[in-house]
Amino acid sequence: MLKTIEMKKGAVVTIDQTKLPSVRVELRMRTCQEVCRAIREMKIRGAPLLGVAAGYGLALTARRSRSKTVGRMVNELERSAIMLVNTRPTGANLKWAVQRIMEKVSSYRDVEDLRAFVLGEADRIRDEDIHSNLSIGKYGATLLDDGDTVLTHCNAGALATAGYGTALGVIRAAIQEGKRIKVIATETRPLLQGARLTAYELTSEHIPVTLITDNMVGYSIKQGCVNKVIVGADRIFSTGHVVNKIGTYTVSLAAKEHRVPFYVAAPLSTFDFMGSVESVAIENRREEEVLFLEGRRIAPRGVHALNPAFDVTPPENVTAIVTERGVLWPPYETNSRRMAESSNSAS
Ligand code: MRU
């Protein structure tokens, strides 16, 4: 299994996702500042991986700290936590991981115990993400049939997680069960996560994948080329509103119009049970990402571009949501809270 992130000899080691698929370059980060920069520059991306990377960002701060008191180390961790949560605002996992670590740091009385806790918790967040993805794969595979062609948008694969992937994990699991599955991947402008990353992951494993440009989605679905859609998510509200890569909403509209099931695969760490869709912060990125392609200007000088990184798919367009605890069906408000409660009492 492709391992996307680990702590090795005092550094967080991952793959620079901006360089794929041309070259596979290892990225080594020794400070939390370097982790934050890599996140802002999209070298590290994908909601679950951002959560794991944030945990390791705090682990680097704890590891390098020369503080002699718990209070001082907690102050350093708090500064790193603020820096991390300000890197990318939309995905839920990043803040979730930071909160999970930070809510326990003040209960320590000894600096070495605190350091060991932060390092250990970062590893646990990584390991749990892989386990969740394997479990999502197992539940999600029941929704796919032998012979299906599945459309996916962006990259919700191993590269977007600590390993195995969410949406691509479901496809992997179905194939491991012996089902013959073909994939249609959208290129996912402006940063081409589908063309560069999803196609890279699937071809590396000899999973049949056909690439389409984003504006071919409606045509492909109407022509009957797609049996099911499965995507990942960056934030899911208890109402079932799904925040995911820009373009997901358009895919959901075409799927609904042509009665193609639209599935979302995500761990419970992507769920936001406190917030509401009205207040979601959609990240707006630099317009140069749209105006340039691989460093070359593709629009006349003087033209401006919009660049929202995510959109919201309403619950009525979502057939089901696959989590590590099972498949959630509508009504999401009741069923997601029930699932969260049973998962809290189990842990
Ligand atoms: O901007 P990105 O590349 O971080 O966006 C990623 C996505 O939107 C993915 O679909 C989402 O994070 C799910 S990843 C398992």
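Located above this text is the structure these notes cover.
Summarised in this report is the structure supplied together with it.

What counts, and where the lines are drawn
Residues numbered from 1 in each chain as written. Predicted model: local features only at pLDDT ≥ 70, side-chain atom pairs only at ≥ 80, totals over all residues. Heavy atoms only, no water. Buried < 20%, exposed > 50% of the residue type's maximum accessible area, 1.4 Å probe, protein only. Helix = DSSP H or I, 4+ residues; strand = E, 2+ residues; numbered from the N terminus. Arc of directions from axis to C-beta. Patch = residues over 30% accessible without salt bridge, like charges linked within 9 Å, V, L, I, M, F, W, Y side chains within 5 Å. Areas by Shrake-Rupley, 256 points an atom, 1.4 Å probe, with all protein chains shown as cover. Salt bridge = Lys/Arg side-chain N within 4 Å of Asp/Glu carboxyl O. Lys, Arg positive; Asp, Glu negative; His and termini not counted. Charge placed at Lys NZ, Arg CZ, Asp CG, Glu CD. Near = heavy atom within 4 Å. Polar contact = N/O pair within 3.5 Å; in protein donor to acceptor, adjacent residues only side chain to side chain. Nonpolar A, V, L, I, M, F, W, Y, C, P; charged D, E, K, R; others polar. Domains from an automatic or database assignment.

1. Here we look at helix α1 (residues 32-40)
Regarding α1, the residues found buried are C32, V35, C36, A38 and I39. Buried positions in α1, seen along its axis, are confined to an arc of 160° and lie on one side of it. Two residues or fewer after α1 comes M42, characterised by a positive phi angle close to 70°.

2. A look at unusual backbone geometry
Between L20 and the following residue, P21, the backbone shows a cis peptide bond with an omega angle of 5°. Relative to the elements of secondary structure, P21 occurs in the loop between β2 (11-15) and β3 (26-29). For the bond running from R189 to P190, omega is 5°, close enough to zero to count as cis. Locating P190 in the fold gives a position in the loop between β5 (182-186) and α7 (193-204). Even without being a glycine, K9 presents a positive backbone phi close to 45°. Considering the arrangement of structural elements, one finds K9 in the loop between β1 (5-8) and β2. Accessibility expressed as a relative area gives 78% for K9, which makes it exposed. Located in the positive-phi region is E294, a residue other than glycine, with phi close to 50°. Mapped onto the elements, E294 comes out in the loop between β12 (292-293) and β13 (296-297).

3. Looking at a positive patch on the surface
On the surface, R30, R63, R64, R66 and K68 cluster together into a positively charged patch. Secondary-structure assignment places R64 in helix α2 (residues 47-64). Residue R64 is classed as partly exposed on the basis of its relative accessible area, which comes to 47%.

4. Topic: the site of the ligand
Around the ligand, the surrounding shell holds 19 residues, and the nearest of these are R45, R88, D234, N244 and K245. Taking R45, its side chain carries an N or O atom lying 2.5 Å from an oxygen atom of the ligand. For the ligand, an oxygen atom lies 2.9 Å from a polar atom in the backbone of A47. Elements represented by at least two residues in the shell around the ligand include exactly α2 and β9 (242-245). Residues belonging to the shell around the ligand are distributed by class as follows: 8 nonpolar, 7 polar and 4 charged. Two domains each donate at least three residues to the shell around the ligand, and these are domain 1 (5-134) and domain 2 (143-346).

Worth remembering: the numbers are spatial, not functional.
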